[in-house]
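What the coordinates show
The lines below spell out each chain.
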Amino acid sequence: MNHRWCQHGRNDSYDAPNRDNCGHNLCSRRGQPVVNSVSRKAPAPSSIEAQRRLAYFDERRDEIVSTIRELVEIESPSDSKTAVDRVSDAVAQKFSDLGGKIRVHQAKDFGNHLQIDFDLHDKAAAKPVLLLGHYDTVYPLGTLTTMPCRTVDNKLTGPGVLDMKSGIALMLHALGALKEWHGGLPRPVTVLLVSDEEVGSDSSRAITESLAKKSAAVLVLEPSYGPQGAVKTARKGVGDYLVKVTGKASHAGLDFQKGVNAILELARQIERISSFTDLKKGLTVNVGIVIGGSRTNVVPAEASAQVDVRIARMKDAAGIDKKMRSLRPFNRKCKIEITGGINRPPMERTAGVAALYAQAAAIARDLGWKLGEAAVGGGSDGNFTAGLGIPTLDGLGGVGDGAHAVHEHILISELPRRAVLIAGLIERV
Ligand SMILES: [Zn+2]
């Protein structure tokens, strides 16, 4: 059925869904918007429907805030399995209350990952859309005492409120609304919430990829970009390398010449590694951590550097990886060991991604809102799904600032239209 605004109930409220006998005052039975023939100045039916949906979520704004608060107040740092499992259980209960089928993917060293399926009885239904996110945060236990979940004017603060507990709450409320409007979900939906995104997603990546492959599209509820809440249509790929240099220790006073200085060698390597940066290609190489030596009077035998690599295009991955692995010592008395690699492919703005963005922008337009898009340097699990060629749209979650920082917050006033956007995308993609 194409006449979408027919599907959401009769008259002006959502409390009487009736898909077969649409009584909506704006639609003919064929879905032709009658209003267009009445007055050219009247708003399009789609925008009237959009405003109605906005009003629906506006009325429920406090409920959305209280869901977010509940989740933020269960602290869940990636490195505490007990804590992350606690938030996982709470979230599972909420999705279960909505009628989702819960599947817990046990993880040994991290919190469990949570899959929720909303299947339709109709076996011929479309492929599910995958709603993707994580419930781990970067904040250690006890952060709430110094960074409480509080409402200050239009801001809601707290650890993980933006990244990304508001995203989880938006999933819940968008799904709840769709069920109410349609008398059941209009298409199958799979939700995947992982416990280790902030530490690289090693234990969840395979699950994310296998669910993405079965899905029509992936909507990632990570924080949006900037104060206008742009969605993310490109993310850089990320690599981590450890460059370890071994030299030879000696007494800096008595046996200086017998020593082989690993720090000196590493310093020369750092110059070389840093020269791999190619800003035009969006390729950056950052030596972020350096460790070496033991005492000032010892010629250091060991030094190492941790290197962060970002790539905008998958085709640059092999080249930079080869350069890193081809590092050879300047001083042949030194040994170099290189470990690591590219662990998240870039999310490139493919035609599939652009099409998803166009759908999102159309929903926003109906609300009189110009939804921007952004290409960002940071990675997310959306990189994995986009890397498989599955259309992926990221940054659909909360609007705010300060992710991973003491001033992390969301803007409460942005929640309703965000919910409209997410609900609309779940229906359309
Ligand atoms: Zn995140």
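What comes next concerns the included structure. (Residues numbered from 1 in each chain as written. Predicted model: local features only at pLDDT ≥ 70, side-chain atom pairs only at ≥ 80, totals over all residues. Heavy atoms only, no water.)

1. Considerations on the pairing of strand E15 (residues 373–376)
- A one-sided burial pattern is seen for E15, the buried positions being Ala374 and Val376 and the unburied ones Glu373 and Ala375.
- Across four bridges, strand E8 (residues 231–235) lies against E15 in parallel orientation. Looking at the pairing, Arg235 lines up with Val376 of E15. (Buried < 20%, exposed > 50% of the residue type's maximum accessible area, 1.4 Å probe, protein only. Helix = DSSP H or I, 4+ residues; strand = E, 2+ residues; numbered from the N terminus. Pairing = 2+ DSSP bridges.)

2. With respect to the packing of helix H3 (residues 61–72) against helix H6 (residues 161–182)
- Viewed as axis vectors pointing N to C, H3 and H6 meet at an angle of 130°, and their least axial separation amounts to 9 Å. Viewed along their axes, H3 and H6 adopt a mutual orientation that is oblique. Viewed along their axes, H3 and H6 form a crossing whose handedness is right-handed. Between H3 and H6, the residues in contact are Glu63, Ile64, Thr67, Ile68, Leu71 and Val72 and Val161, Lys165, Ser166, Ile168, Ala169, Leu172 and His173, respectively.
- Of the residues assigned to the contact of H3 with H6, the class counts are eight nonpolar, three polar and two charged. (Axes fitted to C-alpha atoms, helices over the stretch in contact; angles between N-to-C directions. Parallel < 35°, antiparallel > 145°, perpendicular 65-115°, else oblique. Left-handed = near helix turned anticlockwise from the far one by under 90°. Contact = heavy atoms within 4.5 Å. Nonpolar A, V, L, I, M, F, W, Y, C, P; charged D, E, K, R; others polar.)

3. Focus: unusual backbone geometry
- Note the cis peptide between Asp163 and Met164, where omega equals -10°.
- Mapped onto the secondary structure, Met164 falls in helix H6.
- Notably, Asp153 is not glycine yet its phi reads approximately 55°, a positive angle.
- Topologically, Asp153 is positioned in the loop between strand E4 (151–152) and strand E5 (155–157).
- Given a relative accessible area of 75%, Asp153 falls into the exposed group.
- Its identity as a non-glycine residue notwithstanding, Ser201 has a phi of 65°, on the positive side.
- Tracing the backbone through its elements, the reader meets Ser201 in the loop between strand E6 (189–194) and helix H7 (205–213).
- Ser201 gets classed as buried once you look at its relative accessible area, which sits at 0%.

4. Quick word on the side chain of Arg418
- Relative to the helices and strands, Arg418 is located in helix H12 (residues 415–428).
- No salt bridge is formed by the buried Arg418, whose closest oppositely charged neighbour, Glu414, lies at an N-O distance of 5.4 Å.
- Within the structure, the side chain of Arg418 is placed 3.2 Å from the backbone oxygen of Leu396, a separation counted as a polar contact. (Lys, Arg positive; Asp, Glu negative; His and termini not counted. Salt bridge = Lys/Arg side-chain N within 4 Å of Asp/Glu carboxyl O. Polar contact = N/O pair within 3.5 Å; in protein donor to acceptor, adjacent residues only side chain to side chain.)

5. Let's talk about the sheet that holds strand E3 (residues 129–134)
- Strands sit in the order E1-E2-E6-E3-E7-E16 across an open sheet of six strands; the sheet is mixed. In the strand order of this sheet, the two ends are held by strand E1 (101–105) and strand E16 (392–393), each with one partner.
- The pairing of strand E7 (residues 217–220) with E16 spans two bridges and is classified as parallel. Bridge pairing links Leu219 to Leu393 in E16.

6. Some points on the pattern of salt bridges
- As enumerated under the stated definition, the model contains 19 salt bridges in all.
- Lys281 is the partner of Asp278 in a salt bridge, and the nearest nitrogen-oxygen pair spans 3.9 Å.
- Put simply, Asp321 and Arg325 hold a salt bridge, and the shortest N to O gap is 3.0 Å. Placement of both Asp321 and Arg325 in helix H9 (residues 317–325) is noted, with a separation of four residues, approximately one turn of the helix.
- Several salt bridges converge on common partners, so that one network encompasses Glu49, Arg52, Arg53 and Glu427.

7. Things to note about helix H8 (residues 262–274)
- Taking 1.5 Å per residue as the helical rise, H8 with its 13 residues ought to reach 18 Å, and the 18 Å between its terminal C-alpha atoms agrees with that figure.
- Taken residue by residue, H8 has Ala262, Glu265, Leu266, Gln269 and Ile273 as its buried positions. Buried residues along H8 cover an arc of 95° about the axis, so they all sit on one side. Away from the buried face of H8 by more than 90 degrees, exposed residues Leu264 and Glu271 are located.
- Taken together, the buried residues of H8 touch strand E9 (237–246), strand E11 (284–292), strand E13 (302–311), H9 and strand E14 (335–344).
- Two to three positions downstream of the cap, the backbone nitrogen of Ile263 sits 2.8 Å from a side-chain oxygen, assigning the N-cap of H8 to Asn261. (Expected span 1.5 Å × (residues − 1). Arc of directions from axis to C-beta.)

8. Here we look at the nonpolar core
- One finds Phe95, Leu175 and Val191 to be the most contacted residues of the largest nonpolar core, which totals 67 residues.
- Looking at which element gives the most residues to this core, the answer is H6, with 13 residues.
- In this structure Leu175 touches Phe95, Leu98, Phe118, Leu131, Leu185, Val189, Val191 and Ile426, once residues within four positions along its chain are discounted.
- By size, the runner-up hydrophobic cluster in this structure holds 23 residues, among which are Ile311, Met324, Leu327 and Cys334. (Core = buried A, V, L, I, M, F, W, Y, C linked by side-chain atoms within 4.5 Å.)

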